[in-house]
Amino acid sequence: MSAFANILLGGVFHAAVLFLVAAGLQLVFGVQKILNLACGSFYALGAYFGITFTSFAAKYGMPVWMLLPALVFAGVILGAIGPVIERLLRTVYDRDESFQLLLTFSLLLMFQDILRFIWGANPRSIDLNYLVYGKVVFSDFSVPVYNLLVIAAAIIIAAGLGLFLQRTNYGRVLRATAENRSMAEALGVDVRGVYATVFTVGTMLGTVAGALVVPTAAASLDIAVELVVEAFAVVVIGGLGSMPGALAGAVVVGLIHALSIAIYPELELLATYLIVIGVLLLRPAGLFGRPVT
Amino acid sequence: MNIILETRGVSKFYGAFCALDNVSIAIRNDERTAIVGPNGAGKTTLVNLLTGLHLPSKGAVYFKGEDILGANPINLAERGLARAFQLVHIFPKLTVGETIAAAIVTRQRKRWNLFSSLARDSAVARRIEEIAKIFALESRINTESQLLSQGEKKLLDVASAFALDPEVILLDEPTSGISTSEKHRIMKTLIAAAERANVKAMILVEHDMDLVATYSDRIIALAEGKVLADLPPKEFFADPKVIETVVGKLRAV
Amino acid sequence: MSSRAAVLLAIFGVLALAVVPWLAPPFYASLLISFFAYAIALLGFNLLFGYGGLLSFGHAMFLGFGAYGTAIVSGVLGIKSFEVALIAVVIGAAIAAAPIGWLCVRYTGIFFGMLTLAFGMLFHSFLFKFYYVTGGDSGMRIPRMNILGLELAQYNKISFLAGPFYYYCLALLVIAGLIMWRIVHSPFGLHLRALRDNPRKAEYLGVRVREFRLVAFVISSVFAAAGGAILGLRIGLADPELVYWTHSGQLVFMTVLGGFTNFFGPILGALAFTLLQDQLQSLTQYWRFVLGAILALLVIGFPTGIAGLIRNYNWRRVAAT
């Protein structure tokens, strides 16, 4: 039973990180109708930069307990590349979705080598010990408090995003633009500005997710490409463009991850992809998406 | 004179809204039937039901005596029912000749030929020439469809429907978007084309009552989802109540 | 493109390719085997994409079919004839593609892309799950095989690739090209292009939209499998990396590079990519970046690819000088 709880918590942690990335994807897809394959690159960038930044900060006297906020900070300031990338994507907004997809794919390729150039081909780990936050000890297993903090952070961000989209004026503007771009434009919305903002926030969610994960996992070149696969599963299961979908999808994929570690690790991707295909065939809108004709 | 296409007690509901209420009409061979009525009367719904785009909530549709409930457009095209739309539909990257050829390929049952050369098929080439000539498009046979003028696109849309050699052709506002001075010429072209193409029955959905009066053998008027009148033009235009509902309402639009 | 221009271009191309083993070092000839493999695979891929309007992000799966199928035929079953392997993978791919395609062509656009990506990754995970057959990460060996019944043991691997096998593959490419040319210019090909341009109207003209998409899917998978078999024999290994989604992305890249609106585009794209990748790899370890940048440039500025550039080039001005 407790072994199960241990695995479950692992799955929830995994889900928390995936949710952040998926939320970014959903935001961008919902408003701009672009599926950003480079989300994996942002995740990897966040991871590597998180390591570099915290090592740098620690050298200059940052106390170890500031690890979590430092990582979040690192992820957020990396989001500055968002507007730059968005400028590039702007050139294909009016084109066929295949071209938009290809452009984000080309970014993924380019970032692979950018990562390699800056950080080298070998995996990197963080040298600060995240156990500085301690552990919660159960009868026969323990959970690092760090993991629980990340889960809490993801929940807070989820709630925050939800409130922002539903209750604030700007959130309404975003939802209006997502619903009907030309209508929003006609009503005076600065669609260009909205797109830039949305993409930046989406990028930031990805970089923060990557940064938050590094205490528990190494940063390597592979994680960018592998994440795309998982993130894509999350948004399909949850429903393209839906925020609650990002949450639901992340939980499902996180649980599959957890269960397969317990039962049979090779099964993970297989199970994930069978469910993705099942969803696409039986209910292509996913759990929370809009029905597809 | 036989009935080639008919609806029997057809109704269509969209939720609580009744678009068509117990409509029974019969389209006959050798007749040009016009379907008229103000916007929202149910013309489009009826036409969609006749051409398999939607299913009726109640009632049945028969084509050549067979129940075509649930038949899809491909099926109907094969069986001899063709339709041209109000909004012009073309294949942007295909030439005029290729567009017409697509219909001919269906008609000549060559769809599943994966290895024969279409360019060298003289039966198809001859037919393309014939159809293009009827619609005065022979000079544009090798032009890409997206480069045509709006009027030419319209003609192409109709021409490709005729190329199916259908027994019934349904034209949805064929002269919309065409200047008034040209409308009669286009209608005459369409009728001549129908005759040369051996099309037995033509259904016209039209707003222009002048054209309807001149070129149809029968007029079916719809109002609020019901059949208001089903008469030859002389009787139709002699009935004041009908005129008021259809033409009067049209004038207000 | 007129038939006559196409024939001239093809003859020129074949002749140019035929003299490569005589003029260039064996390395280049064996490099071009990759080109032949991808060219055949892309001819099929473009039937689905350029002519059918469906972008598959899982097509590398069928390349993998070809490679792994060949590995099973030669490595596991011990059959040495490459022709048998070709026929086996072609039939196998068609059988697998039929149900997969049937499920996928119910959708278009982004959902089609996602479904095909999912199937591709599913196959990828199968390769790891059944590692006792497929060798998991290490892949499956593909030993030397006989072509046209000839063992040709007197050739070592590289001279085999640069010599007899080179011309064998060139012939396969010509045959594949001829078959695809016929398909594309057939009544079926016309209906395929019609359903790409306007599926709604196509239905009204009697085009069997969903069935024809499925046929295009199956044909493209068959071509991909043939290409995969050649690729596998050249490398000597069937590798799970062949099936990873980024390899599918590479196929799209090559097609767009060459120009997907033109029959010869994919072939040009395969050639350009193969040579480009080789040159870049020897120049810099950051060749992926350069390739990514080229793709970005293509998408933004030159969506019709190399073929489009050639076609739009002002030939009259050249002729006038």
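Residues numbered from 1 in each chain as written. Chains lettered and ligands numbered in written order. Predicted model: local features only at pLDDT ≥ 70, side-chain atom pairs only at ≥ 80, totals over all residues.

Caption draft 1: Fine view of the overall build of chain B. The secondary structure content of chain B amounts to nine helices and 10 strands. Relative to a compact globule of 253 residues, whose C-alpha radius of gyration would be 18 Å, chain B shows 18 Å and is just as compact. Considered along the principal axes of its C-alpha atoms, chain B spans approximately 55 × 40 × 35 Å. Out of the 253 residues in chain B, the part that is buried amounts to 47%. Here the contacts in chain B between residues at least 6 apart in sequence split such that 68% fall between residues at least 24 apart. (Helix = DSSP H or I, 4+ residues; strand = E, 2+ residues; numbered from the N terminus. Rg over C-alpha atoms; globule rule 2.2 N^0.38 Å. Buried ≥ 20, exposed ≤ 12 C-beta atoms within 10 Å, placed from the backbone. Contact = placed C-beta atoms within 7 Å.)

Caption draft 2: Structural detail: the overall build of chain A. Along chain A, the regular secondary structure elements total 12 helices and two strands. Sequence-ordered secondary structure for chain A, helices as α and strands as β, is α-α-α-α-α-β-β-α-α-α-α-α-α-α. Its C-alpha atoms give chain A principal-axis dimensions of roughly 60 × 45 × 40 Å. A burial count over chain A gives 49% of its 293 residues as buried. Relative to all contacts within chain A whose residues are 6 or more apart in sequence, the contacts with residues 24 or more apart total 77%.

Caption draft 3: Summary view of helix 15 (residues 305–312) of chain C. Of all the residues in helix 15 of chain C, the buried ones are C:Gly305, C:Ile306 and C:Ala307. Packing partners of the buried residues in helix 15 of chain C comprise helix 12 (245–258), helix 13 (265–283) and helix 14 (287–301) of chain C.

Caption draft 4: The interface of chain B and chain C, seen in detail. If you look at the interface, chain B gives 30 residues, while chain C gives 20 residues. Of all the secondary structure elements, the ones that give two or more residues to the side of chain B that touches chain C are helix 2 (73–79) and helix 3 (96–107) of chain B. Looking at the side of chain B that touches chain C element by element, the count peaks at six residues for helix 3 of chain B. For the side of chain B that touches chain C, the residue count by class is 17 nonpolar, seven polar and six charged. (Nonpolar A, V, L, I, M, F, W, Y, C, P; charged D, E, K, R; others polar.)

Caption draft 5: View of the packing of helix 4 (residues 81–89) of chain A against helix 9 (residues 191–213) of chain A. All names here are of chain A. Between helix 4 and helix 9, whose axes approach to 8 Å, the crossing angle comes to 125 degrees. Judged by the angle between their axes, helix 4 and helix 9 are oblique. For the pair helix 4 and helix 9, the sense of crossing is right-handed. Every residue of helix 9 that contacts helix 4 at Ile 81, Gly 82, Pro 83, Ile 85 and Glu 86 is listed here: Tyr 195, Ala 196, Phe 199, Thr 200, Thr 203 and Met 204. Here the residues of the contact of helix 4 with helix 9 are counted per class, giving seven nonpolar, three polar and one charged. (Axes fitted to C-alpha atoms, helices over the stretch in contact; angles between N-to-C directions. Parallel < 35°, antiparallel > 145°, perpendicular 65-115°, else oblique. Left-handed = near helix turned anticlockwise from the far one by under 90°.)

Caption draft 6: Representation of the nonpolar core in the model. Of all hydrophobic cores here, the largest spans 297 residues; its most connected members are A:Phe19, A:Val21, A:Ala22, A:Ala231, C:Phe36, C:Ile40 and C:Ala118. For this core, the element with the most residues is helix 11 (residues 209–235) of chain C, which contributes 17 residues. Setting aside chain neighbours within four positions, we find C:Ile40 in contact with C:Leu172, C:Leu173, C:Ala176, C:Phe223, C:Ala226 and C:Gly227. (Core = buried A, V, L, I, M, F, W, Y, C linked by C-beta atoms within 7 Å.)

Caption draft 7: How the structure looks around the sheet that holds strand 1 (residues 3–14) of chain B. All names here are of chain B. Strand order in the open sheet formed by four strands is 2-1-4-5, and the pairing between neighbours is antiparallel. Of all strands in the sheet, those bounded by a partner on one side alone are strand 2 (17–28) and strand 5 (66–67). Relative to strand 4 (residues 58–63), strand 1 runs antiparallel, the two sharing five bridges. In the sheet register, Ser 11 faces strand 4, and the bridge partner there is Lys 58. The strands touched by helix 1 (residues 43–50) are strand 1, strand 2 and strand 4; relative to strand 1, the strand with the most contacts, the crossing angle is about 120 degrees. (Pairing = 2+ DSSP bridges.)

Caption draft 8: Here's a closer look at the interface of chain C and chain A. Each side of the interface is counted separately: chain C has 32 residues, and chain A has 33 residues. Going through the elements one at a time, helix 5 (109–129), helix 12 and helix 14 of chain C are the ones with two or more residues in the side of chain C that touches chain A. If one sorts the elements of the side of chain C that touches chain A by residue count, helix 5 of chain C sits on top with 13 residues. When the residues that make up the side of chain C that touches chain A are grouped by side-chain class, the tally is 24 nonpolar, six polar and two charged.

Caption draft 9: Region of interest: unusual backbone geometry. Positioned with a positive phi, B:Arg109 is a non-glycine residue whose angle comes to about 60 degrees. Relative to the helices and strands, B:Arg109 resides in the loop between helix 3 and helix 4 (122–134). Classification of B:Arg109 as exposed rests on a count of 11 C-beta atoms within 10 Å. Unlike most non-glycine residues, C:Leu148 shows phi in positive territory, near 50 degrees. Along the chain, C:Leu148 falls in the loop between strand 1 (140–141) and helix 7 (157–162).

Caption draft 10: View of the environment of C:Tyr38. All names here are of chain C. Residue position: Tyr 38 is located in helix 2 (residues 26–49). A C-alpha to C-alpha distance of 15 Å links Tyr 38 and Glu 241, two positions 203 residues apart in sequence. When sequence neighbours within four positions are dropped, the list of residues in contact with Tyr 38 reads Gly 227, Met 254, Ala 270 and Thr 274.

Caption draft 11: Just helix 2 (residues 39–59) of chain A, in detail. Residue and element names in this part refer to chain A. Between the first and last C-alpha of helix 2 there are 30 Å, a value that for 21 residues agrees with the 30 Å anticipated at 1.5 Å per step. The element helix 2 is extensively covered by neighbouring structure, given that 15 of its 21 residues are classed as buried. Within two residues after helix 2, Gly 61 carries a phi angle of roughly 95 degrees, on the positive side. (Expected span 1.5 Å × (residues − 1).)

Caption draft 12: Spotlight on the sheet that holds strand 9 (residues 218–223) of chain B. Residues and elements named next belong to chain B. Read across the open sheet, the six strands follow the order 6-7-8-3-9-10; overall the sheet is mixed. Only two strands of the sheet have a single partner each, and these edge strands are strand 6 (81–84) and strand 10 (226–231). Averaged over neighbouring strand pairs, the angle between their axes works out to 15 degrees when direction is ignored. Seen against the sheet, helix 1 touches strand 3 (32–36), strand 7 (168–172), strand 8 (201–205) and strand 9 and runs at an angle of roughly 150 degrees to strand 7.

Caption draft 13: Structural view of the environment of C:Val73. All names here are of chain C. Positionally, Val 73 belongs in helix 3 (residues 60–76). Residue Val 73 is classed as buried on the basis of its C-beta count, with 24 C-beta atoms lying within 10 Å. Separated by 33 residues in the primary sequence, Val 73 and Arg 106 place their C-alpha atoms 33 Å from one another. Contacts of Val 73, omitting those with residues within four sequence positions, involve Ile 79, Val 84, Ala 85 and Ala 88.

Caption draft 14: Structural detail: the pairing of strand 10 of chain B. Residues and elements named next belong to chain B. Looking at chain direction, strand 9 and strand 10 are connected through five bridges and run antiparallel. When the sheet's bridge partners are listed, Ile 220 is paired in strand 10 with Asp 230. Counted between consecutive antiparallel strands, the loop separating strand 9 from strand 10 contains two residues, among which Glu 224 sits at a positive phi close to 50 degrees.

Caption draft 15: Looking closely at the packing of helix 3 (residues 67–78) of chain A against helix 9 of chain A. All names here are of chain A. Running from N to C, helix 3 and helix 9 cross one another at 150 degrees; their axes reach a closest spacing of 8 Å. In terms of orientation, helix 3 lies roughly antiparallel with respect to helix 9. For the crossing formed where helix 3 meets helix 9, the hand is right-handed. Here Leu 71, Val 72, Ala 74, Gly 75, Val 76 and Leu 78 of helix 3 lie close against helix 9, whose contacting residues are Met 204, Thr 207, Val 208, Gly 210, Ala 211 and Leu 212. Here the contact of helix 3 with helix 9 is built from residues that sort into nine nonpolar, three polar and no charged.

Caption draft 16: Fine view of the confidence of the model for chain B. Scored by pLDDT, chain B has a mean of 85; 97% of the residues are at 70 or more. Across the predicted assembly, pTM comes out at 0.90 and ipTM at 0.88. (pLDDT = per-residue confidence, 0-100.)

Caption draft 17: Representation of the environment of B:Ala194 in the model. All names here are of chain B. By secondary structure assignment, the location of Ala 194 is in helix 6 (residues 180–196). Distance from Ala 194 to Ile 104, taken between C-alpha atoms, is 16 Å for residues 90 residues apart in sequence. What Ala 194 contacts, discounting residues up to four positions off in sequence, is Ile 169, Val 199 and Met 202.

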